[in-house]
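Understanding the architecture of this molecule
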Amino acid sequence: MKEKTNVNDIDRSLYDFRNEEDESEYFDSGLSKEIIRAISDEKNDTDWMREFRLRSLEIYQKTKMVDWGPSIEGLDVDNIVTYIRQKSRMNTDWEAVPDDIKDTFERLGIPQAERESLAGVGAQYDSELVYHNVRKEVAESGVVYTDLESAMHDERYAEMIRQHFMKLVPPTDHKFAALHGAVWSGGSFVYVPKGVCLEIPLQSYFRLNAKGAGQFEHTLIILEEGSYLHFIEGCSAPKYYEAGLHAGCVELYVGRNATLRYSTIENWSKNMYNLNTKRALVEEGGKIEWVSGSFGSHVSYLYPMSILNGRGASAEFTGITFAGEGQNLDTGAKVVHNAPDTSSYINTKSISKSGGISTFRSAVTVNKNAEGSRSAVNCESLMLDRISRSDTVPVMDIRTNKADIGHEAKIGRISDEAVFYLMSRGLDEDSAKAMIVRGFADNVSKELPLEYAMEMNNLIGLEMKGSIG
Amino acid sequence: MDNKRLNILPVPTFGWLGVNDAVREIAVLPDVESITVECRQTEPVRIDLSDNKEYEINVCANEGESLTVIEYNTADSSSVSTKIKAKSGSRVKLIQVIAAAGQTVNNVSAEVLDNASFEYVLLTLSGADTLCEIKADLAGRGAGFDANIGYKVSNEDKLDINLLASHKGKKTVSNIAVSGVLSNKADKTFKGTIDFLNGAVGAVGAEKEEVLLLDESVINKTVPLILCAEEDVEGSHGASIGRIDEKQVFYMQSRGLDEQRIYELMANAKIIRLLKYIDDEQTLLRINNALDGGNNDE
Amino acid sequence: MAHLLEIKGLSASAEKKEILHGVSLFIDGGETHVLMGPNGAGKSTLGSTIMGSPEYTVGSGSILLDGEDITELSPDKRAKKGIFLSFQSPIEIPGITLSEFLRNALEQTTGKHMKLWDFKKKLKAAMDLLDMDPSYADRDLNVGFSGGEKKKAEILQLLILQPRLAILDETDSGLDVDAVRTVSKGIDEYKKQTGGSLLVITHNTKILDALTVDKTHILADGKVAAEGGGELVEEVISSGFEKYIKKER
């Protein structure tokens with residue numbers, strides 16, 4: 001496959017220049033204009049993109065670190081270049097992937113071929129055929145699904161990308177958005193023309209692996225009026241980086257009466273700082289459906305935001321977060337009701353275990369012009385032991401009287417009665433608890449395509465193994 | 001004038017929401033008055049806060065005793081700090097009514113020991129800028145905290161409440177019920193946190209806020225936190241904000257009430273709910289007068 | 001002279017699904033009508049639509065009261081004109097006591113202020129008739145009431161508000177024998193005091209024992225499938241709705 005070889009070549013060389021710079025020249029972040037220019041040169045950026053990167057760098061250097069959320073002390077932000085350079089050292093050799101991650105793969109039953117894909121070896125495998133089929137069908141309907149960098153150089157899409165790129169998540173949004181603007185690399189571009197409804201989900205699973213562009217990838221999806229797309233973001237296989245920072249960015253434009261479902265099962269390796277920004281702008285009558293499972297990473301900041309900008313626009317967020325040992329996962333959702341008759345529905349579950357910290361964080365804002373809007377937030381947390389932690393931090397900011405806003409949250413543990421009931425029917429304690437936790441997570445699993453739901457259930461099973469002392 | 005950060009949210013969140021704190025210019029008040037309530041009281045202790053000054057009120061209930069303190073605040077601007085100690089098996093009830101004009105900085109902190117209970121009632125009726133911080137430290141085994149809060153905010157008034165129930169002891173219980181009505185450019189923030197610390201085995205905490213918004217000039221911020229570092233606990237919170245449920249409106253309409261009357265009734269209900277916790281005729285009378293200038297035929 | 005209530009070719013839908021497909025019937029002053037039909041036929045929809053529930057959208061047809069078109073009126077205006085609906089499952093309204101609510105409703109429907117003392121006396125008498133514990137007057141409306149208490153509270157409101165037409169939506173369902181008797185007594189009293197009309201939606205005859213049924217309407221699949229006198233009730237009870245459903249297909 002053409003992209004794969006290309007990307008591997010770029011991977012090896014792209015950021016491998018840092019050691020030529022004199023470190024003492026740079027203060028604050030250690031990231032300099034020269035480095036950014038070098039990235040632009042490597043990528044053959046257009047003039048506006050060159051400027052955009054440099055401007056983002058300035059913003060990055062001026063912007064303060066976030067003063068809320070989990071600690072990112074373990075992240076050497078003063079020497080962010082290290083993380084960029086790490087990319088070139090990403091393991092391309094399956095043998096070099098640490099054993100615990102390999103074990104996970106074995107137990108998950110992820111096929112040999114996909115493991116090879118993780119290692120960046122472009123092998124032929126079954127799923128790829130499926131992918132090609134989709135691509136053919138997709139192309140005929142006028143849908144564009146390609147990598148963002150080549151789309152930017154394609155005159156058919158260049159202007160469209162320029163008009164949308166980081167307009168929804170501007171570099172001024174927060175420090176890591178600015179960083180992303182300066183050093184972004186890789187990612188997907190999807191365009192669905194008016195009225196086109198894709199029956200089969202598009203998956204970025206293989207693409208990301210193949211391109212090895214995980215850390216600062218940018219996803220840009222534009223849905224025209226009346227179209228439908230289910231996009232599955234592929235973090236389902238753990239990626240391994242020696243030191244992990246992931247500051248990706250996802251921008252979704254949902255046109256009038258269009259519906260976009262965006263599903264993610266994220267299982268980054270557990271040394272990763274996942275500071276991902278996802279945002280959707282939804283026009284009149286349009287709908288965004290987020291399905292989000294967070295299992296991996298050391299620290300996560302993840303709050304997909306839906307901006308309901310046209311009358312009757314709606315958002316649904318269904319999420320699960322499972323924080324195990326050494327993990328601090330701060331996840332949730334944000335919704336801005338900015339037009340009449342908009343509605344949002346947030347339903348999340350979180351599980352904390354073995355000292356893991358999970359935080360549900362949300363913001364629902366209903367502006368004055370959003371009369372007739374409705375919002376319902378429902379979050380449930382499960383504590384599996386007494387050394388873990390689970391926090392719920394929702395905010396509602398309501399500025400019209402013609403709205404109905406509801407919020408419900410619960411925290412607790414697995415009921416002894418439920419465990420007893422299952423054990424009385426012959427299940428051992430481990431299985432009984434795992435079954436209950438899977439049931440707890442079914443808000444998300446029933447929203448996923450079957451193979452992903454199974455994988456998620458496997459993940460829960462894995463996390464639950466040996467949890468009973 | 002001092003610029004101070006008040007009512008700091010125990011766990012900060014997205015800065016742009018403006019709920020992490022309340023930064024205010026705090027008027028410097030000339031006098032300090034200290035009041036101590038200690039011995040066994042059969043009658044409620046009524047404290048009138050009508051002057052522009054700093055009040056320091058110390059309340060201590062000895063083991064097994066029960067006492068009620070009622071603070072009625074009609075000052076223009078005041079700063080009130082009420083410190084409560086509820087020793088083992090005691091019961092302290094604090095009723096605060098705020099019918100102020102200007103800025104009120106109202107702090108309540110309570111230490112609640114084994115099997116003691118702290119009942120708190122807050123009713124805010126007026127005041128250009130009211131800041132309330134309530135901290136209940138449920139330190140003892142079986143300590144209980146009941147908070148009933150009602151507010152009526154209007155006329156460009158600001159109200160910021162920051163409440164924290166810290167569950168430290170085993171089998172501690174907190175129950176927080178908040179209801180209120182906003183109209184005419186009211187700006188209200190309610191931050192309520194239930195914090196289950198490690199060790200609070202068997203603790204239960206519940207929190208609920210119901211807000212009725214009467215027009216579209218208002219700002220309502222609701223921030224209900226649950227922090228949890230213990231497995232064997234039960235926490236819940238609920239909030240409902242906005243207009244009256246469509247089905248309730250239909251039911252009442254079907255009996256002949258028009259929408260305006262329904263809203264009047266429901267708005268009053270949010271305040272009247274509080275009155276049943278105020279078991280003092282004298283205070284009730286004052287509240288009724290403040291509410292509708294004696295226009296009540298009941 | 002115009003009928004008290006006339007429904008002409010009424011179709012109504014909920015969440016874009018049409019439930020009533022052109023229902024016509026009329027009720028005259030002082031009459032007692034019974035509305036029967038299988039589950040899902042649209043009986044409650046018809047009752048709620050007559051009252052003006054926002055849950056249902058009228059597609060075509062009209063509802064007339066004394067010959068005046070009330071199809072577009074808000075529920076409170078309909079109530080003021082004398083229509084009453086006893087809800088199948090009355091909603092709970094925290095914060096407002098039964099007594100306070102009912103006094104407000106009475107003042108609004110009659111447009112007259114009533115002295116608190118007089119009102120309390122009237123309320124007490126009606127509650128006695130219905131074997132209701134007087135403490136319910138000061139409890140929040142329907143909050144924590146049992147099924148039977150809720151139904152009694154509906155009939156209590158009927159007695160106090162004295163409408164010209166009362167629609168009773170399965171007021172007898174879920175009640176034990178004694179409670180049905182009490183509720184029937186209340187309905188009987190309403191008839192005696194006001195001579196008002198009734199539209200009784202029911203599945204059984206117990207509630208009708210004390211009443212003389214003038215007309216029976218059978219609703220099936222959102223249409224009037226059959227009409228007759230009081231004898232139709234007995235027939236339906238013994239042989240079921242099957243033949244009406246078949247007729248539809």
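Basis of the calculations
Residues numbered from 1 in each chain as written. Chains lettered and ligands numbered in written order. Predicted model: local features only at pLDDT ≥ 70, side-chain atom pairs only at ≥ 80, totals over all residues. Helix = DSSP H or I, 4+ residues; strand = E, 2+ residues; numbered from the N terminus. Buried ≥ 20, exposed ≤ 12 C-beta atoms within 10 Å, placed from the backbone. Contact = placed C-beta atoms within 7 Å. Nonpolar A, V, L, I, M, F, W, Y, C, P; charged D, E, K, R; others polar. Pairing = 2+ DSSP bridges. pLDDT = per-residue confidence, 0-100. Domains from an automatic or database assignment. Axes fitted to C-alpha atoms, helices over the stretch in contact; angles between N-to-C directions. Expected span 1.5 Å × (residues − 1). Parallel < 35°, antiparallel > 145°, perpendicular 65-115°, else oblique. Left-handed = near helix turned anticlockwise from the far one by under 90°. Core = buried A, V, L, I, M, F, W, Y, C linked by C-beta atoms within 7 Å. Arc of directions from axis to C-beta.

Right, let's talk about the overall build of chain A for a bit. Summing up its helical and strand segments, chain A has 15 helices and 20 strands in all. Within chain A, the fraction of its 469 residues that count as buried is 52%. At a minimum sequence separation of 6, the contacts of chain A that also span at least 24 residues come to 83%.

Time to look at the environment of S88(B). Residues and elements named next belong to chain B. Within the element layout of this structure, S88 appears in the loop between β7 (78–86) and β8 (91–99). For the pair S88 and E111, spaced 23 residues apart in sequence, the C-alpha separation works out to 10 Å. Once residues within four sequence positions are removed from consideration, S88 is found in contact with E63, L113, D114, N115, A116 and G140.

Attention shifts here to the interface of chain A and chain B. With 34 residues of chain A at the interface, the matching set in chain B holds 36 residues. Only β17 (357–366), β18 (373–383), β19 (389–398) and β20 (403–412) of chain A provide two or more residues apiece to the side of chain A that touches chain B. Its residues assigned to classes, the side of chain A that touches chain B comprises 12 nonpolar, eight polar and 14 charged. Here six bridges tie β19(A) to strand β17 (residues 219–228) of chain B, and the two strands are oriented antiparallel to one another. Opposite M396(A), over in β17(B), you have T222(B) as the bridge partner.

All names here are of chain B. Within the element layout of this structure, G64 appears in the loop between β5 (54–61) and β6 (66–73). For the pair G64 and G127, spaced 63 residues apart in sequence, the C-alpha separation works out to 37 Å. Excluding residues within four positions of it along the chain, G64 makes contact with G89 and S90.

Right, let's get into the interface of chain C and chain B. Each partner contributes to the interface: chain C provides 22 residues, whereas chain B provides 19 residues. Secondary-structure elements contributing two or more residues to the side of chain C that touches chain B are α2 (75–80), β7 (93–97), α3 (98–110) and α5 (147–161) of chain C. Looking at side-chain class alone, the side of chain C that touches chain B contains 13 nonpolar, seven polar and two charged residues.

All right, on to the confidence of the model for chain B then. All names here are of chain B. In this model, chain B carries a mean pLDDT of 93, and residues with pLDDT of at least 70 account for 97%. The model gives residues 294–298 a pLDDT under 50, and that stretch makes four contacts with residues more than four places away or in other chains. Scored by ipTM, the complex comes to 0.92, with pTM at 0.84.

Residue and element names in this part refer to chain A. By the assigned domains, chain A splits into domain 1 (2–302) and domain 2 (415–469). Going through the elements one at a time, α5 (99–108), β8 (259–266) and β11 (287–294) are the ones with two or more residues in the side of domain 1 that touches domain 2. It is α5 that contributes the most residues to the side of domain 1 that touches domain 2, three residues altogether. Partitioning the side of domain 1 that touches domain 2 into residue classes produces five nonpolar, five polar and one charged.

This paragraph deals with the sheet that holds strand β10 (residues 197–201) of chain C. Residues and elements named next belong to chain C. Pairing is mixed across the open sheet formed by six strands, whose spatial order is β6-β9-β10-β3-β11-β12. Every other strand in the sheet has two partners, leaving β6 (83–86) and β12 (223–228) as the edge strands with one partner each. Averaged over all adjacent pairs, the angle separating strand axes in this sheet is 20°, with direction ignored. Where α5 meets the sheet, its contacts fall on β6 and β9 (165–169), and the angle it forms with β6 comes to roughly 165°.

Once that is clear, we can look at the sheet that holds strand β4 (residues 57–65) of chain C. Residue and element names in this part refer to chain C. Across the sheet, four strands lie side by side as β2-β1-β4-β5; this open sheet has antiparallel pairing. Sheet topology places β2 (17–27) and β5 (68–69) at the edges, where each strand pairs with a single neighbour. Each of β1 (5–14), β2 and β4 touches helix α1 (residues 43–51); the most contacted strand, β2, lies at about 70° to it.

A separate point is the pairing of β8(B). Residues and elements named next belong to chain B. With seven of its nine residues buried, β8 lies for the most part within the structure. One ladder, built from eight bridges, connects β6 with β8; its direction is parallel. Residue pairing in the sheet places I70 in a bridge with I95 of β8. As defined by bridge partners, β8 adjoins strand β10 (residues 117–126) across nine bridges and the pair is classed as parallel. Opposite K93, over in β10, you have E119 as the bridge partner.

Time to look at α3(C). Between its first and last C-alpha atoms α3(C) spans 18 Å; for 13 residues at 1.5 Å apiece the expected length is 18 Å, and the two agree. Among all positions in α3(C), only L98(C), S99(C), F101(C), L102(C), R103(C), A105(C), L106(C), Q108(C) and T109(C) are buried. Contacts made by the buried residues of α3(C) are with α2 (259–275) of chain B together with α2, β7, α4 (116–129), β8 (140–141) and α5 of chain C. Where α3(C) ends, the next residue or the one after it, G111(C), has phi of about 70°, a positive value.

Residues and elements named next belong to chain C. At their nearest, the axes of α4 and α5 sit 10 Å apart, and the two run at 135° to each other. With respect to their mutual orientation, α4 and α5 come out oblique. Note that α4 runs across α5; the crossing there is right-handed. Contacts between α4 and α5 pair K122, L123, A126 and M127 from the former with L156, L159 and I160 from the latter.

V254(A), L260(A) and V112(B) are the most contacted members of the largest nonpolar core, which totals 261 residues. Residue assignment places this core across two domains, with domain 1 (2–302) and domain 2 (415–469) of chain A each supplying three or more. Those residues within four positions of V254(A) in sequence are excluded, and the remaining contacts are L223(A), L260(A), A280(A), L281(A), V282(A), E283(A), G286(A) and I288(A).

On to unusual backbone geometry, then. When glycine is set aside, most residues are seen to have a negative phi, and most peptide bonds are trans. Unusually for a residue other than glycine, S297(A) sits at a positive phi of about 75°. Exposure remark for S297(A): the 27 C-beta atoms within 10 Å place this residue in the buried category. Phi at E170(C) takes a positive value of approximately 45°, unusual for a residue other than glycine. Inspection of the secondary structure assignment puts E170(C) in the loop between β9 and α6 (177–194). Classification of E170(C) as buried rests on a count of 21 C-beta atoms within 10 Å.

Quick look at the pairing of strand β3 (residues 32–36) of chain C now. All names here are of chain C. Of all the five residues making up β3, five are buried; the element is thus mostly covered by neighbouring parts of the structure. With burial as the criterion, each face of β3 is covered, one bearing T32, V34 and M36 and the other bearing H33 and L35. Pairing analysis gives four bridges linking β3 to β10, with the strands arranged parallel. When the bridges of β10 are listed, L35 appears paired with I201.

Below, the discussion takes up helix α2 (residues 33–43) of chain A. Residue and element names in this part refer to chain A. Buried within α2 we find I35, I36 and I39. Seen end-on, α2 carries its buried residues on one side only, within an arc spanning 100°. A positive backbone phi angle near 55° is found at N44, which sits one or two residues after α2.

Residues and elements named next belong to chain A. Chain-level statistics for chain A give a pLDDT mean of 78 and a share of 75% at 70 or above. Below a pLDDT of 50 lies the segment residues 1–29, which in the model reaches 43 contacts outside its immediate sequence neighbourhood of four places, other chains included. Low pLDDT (under 50) marks residues 107–134, which in the prediction has 39 contacts with non-local residues, meaning those over four places away or in another chain.

The next point concerns the packing of helix α3 (residues 47–62) of chain A against helix α10 (residues 175–183) of chain A. Residues and elements named next belong to chain A. At a minimum axis distance of 7 Å, the contact between α3 and α10 shows a crossing angle of 150°. As summarised for this structure, α3 and α10 are arranged roughly antiparallel, according to the angle between their axes. Two packed elements cross with a definite hand, and for α3 against α10 that hand is left-handed. Residues F52, R53, S56, L57, I59 and Y60 of α3 touch α10, and the partners they reach there are K175, A178, L179, G181 and A182. Here the contact of α3 with α10 is composed, by residue class, of seven nonpolar, two polar and two charged.

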